[in-house]
Amino acid sequence: RSQAPRRAVRQMAFCAHHRSWLAKPRLPLVARRSLSAAVAKPRLPFEGVRVLEKTNLLSGRLTGLLFADQGAEVLVIDPKEGGSVDSYLNRNKIAVRASDVDPSSADIILVDGADASLARLPHQVLMRTVAALPGDERFGHLPDDVDEDYLSALTGFFTDMDMMGWLDRPVTYTPLQLCSIYAGVIGANACAAALLDRLRCGQGREIHASRIAGGLSAIGALCLKQRGLPPHLDPVPAIYKSTADILAKRRGIEPSELDAYKQAAISDPAKQAWLFQRLYPFMAPYKCSDGEWILPMATFNRRLATGYCAYLGFADDVSAFGIVDRDPYDPASAPFDDRNLALPIGFNFPSSCKVAELFEAKFLQKTALEWEAELEAAGLPCAVIQTWEAWMRDPDARAARIFAEVGGEVQ
């Protein structure tokens, strides 16, 4: 965009015939300042959509980033400057002065809380980042920028609800701003749905992205239990709270054998990694040739599970183990639920052990960074796992203020 001719051009969002307000004059070059280097891209789904971002809270900024990455023109009004600003969230966005942009040209407006500086017109989608939803009698008094740790404690993130909690781990603490992150992602989806609905009715709407609701949506997915579903739709649990839970869902292992694995895992981190791999082969950390660890991610995803097997070259081996690739929503697939690639966290124990061994041998062939680059290029999500000490030194973690230096002496 920074190389565009110095002229105003007109572009239409969605359908040219819809409303005259969909015609949006682009800003003259002089009024714009790119917040990140321009990168040539293919056509993206939200090209032609203009977003005005006037928010300092993480949720709103993340919503803007998600739209910018998908082709929308995201204009950040009077952005904050300085070392406390996380530049990652400015990717693909354009900085503007408030006086240089016509708010009526926006399809989406992102603001914090009750900010009334940008009034919503009938065609526009306005998203407010709030702590609690309007009318919440219990938590409505909380300020919209309430501390993230408070919300994490309130919604239940500081609990023993990690995936290996049955190993008698203590309460888990995370510095990640999960309530705000989930609110930003859900808010982006709500805004996209509102744009689609605007094609039907010609009207925008106001959306409240609640940070509390975002956190509850995440923790709720781990807590909710369903009843009355047909057996083939009964979900495979991602979290086990006891040995009995595992034995009820994972066939092919004796109670005494599992208890021995548990005791070994509690006392030895290497044995804990081994057990995690055998229970969740498609989403466990594996050691690489440089001694670092890589984490593949194909939890409940059939496409990613089959994609990993094909890309890493052991699809035939997996098939030889008796593991199938069948539609999990088809009742006829129920007999294969414990060895179906469409349910990659529900394998019986012998099958998951065999798959874990394939991953284990493969990942030892390259460094963690090499695997991360290669797999991400192939569209297979993964990440290098840092130690706690390395993460404390990581410049991105420092820039995001997850860690900070404090004075005093260690007692």
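Conventions adopted
- Residues numbered from 1 in each chain as written.
- Predicted model: local features only at pLDDT ≥ 70, side-chain atom pairs only at ≥ 80, totals over all residues.
- Heavy atoms only, no water.
- Helix = DSSP H or I, 4+ residues; strand = E, 2+ residues; numbered from the N terminus.
- Buried < 20%, exposed > 50% of the residue type's maximum accessible area, 1.4 Å probe, protein only.
- Arc of directions from axis to C-beta.
- Polar contact = N/O pair within 3.5 Å; in protein donor to acceptor, adjacent residues only side chain to side chain.
- Salt bridge = Lys/Arg side-chain N within 4 Å of Asp/Glu carboxyl O.

Asks: What's the story with unusual backbone geometry in this structure? I'm lost.
Replies: If you check the backbone angles, D78 has positive phi at about 45° while not being a glycine. Inspection of the secondary structure assignment puts D78 in the loop between β5 (73-77) and β6 (94-96). The residue N92 is not glycine, and still its phi comes out positive at about 65°. Of note, N92 is situated in the loop between β5 and β6.

Asks: Whenever I open this one, helix α2 (residues 148-155) confuses me. Can you help?
Replies: Side chains that are three or four residues apart share a direction in an α-helix, a result of its 3.6 residues per turn. Along α2, the residues that are buried comprise E148, L151, S152 and T155. Taken around the axis of α2, the buried residues stretch over an arc of 100°, which confines them to a single face. Measuring from the backbone nitrogen of D149 back to the side-chain oxygen at the start of α2 gives 3.0 Å, which picks out D147 as the cap. Positive backbone phi, at 105°, marks G156, one or two positions downstream of α2.

Asks: In this structure, what is going on with the pattern of salt bridges? I would like to understand it.
Replies: Side chains carrying opposite charge are able to pair once their charged atoms draw close together. Counted by the stated rule, this structure contains 16 salt bridges. For K54, the salt bridge goes to D115, with nearest N and O atoms at 3.1 Å. Residue K54 is found in strand β4 (residues 50-54), and its partner D115 is found in the loop between β7 (108-112) and β8 (125-130); the two are separated by 61 residues along the sequence. Residue K54 is classed as partly exposed on the basis of its relative accessible area of 29%. For D325, the salt bridge identified is with R302, shortest N-O distance 2.6 Å. Here D325, found in the loop between α9 (315-320) and α10 (349-363), pairs with R302, found in helix α8 (residues 302-311); they are 23 residues apart in sequence, far enough to count as distant. Looking at D325, the relative accessible area reads 40%, which means it is partly exposed. The network of salt bridges with shared partners includes E53, R61 and K93.

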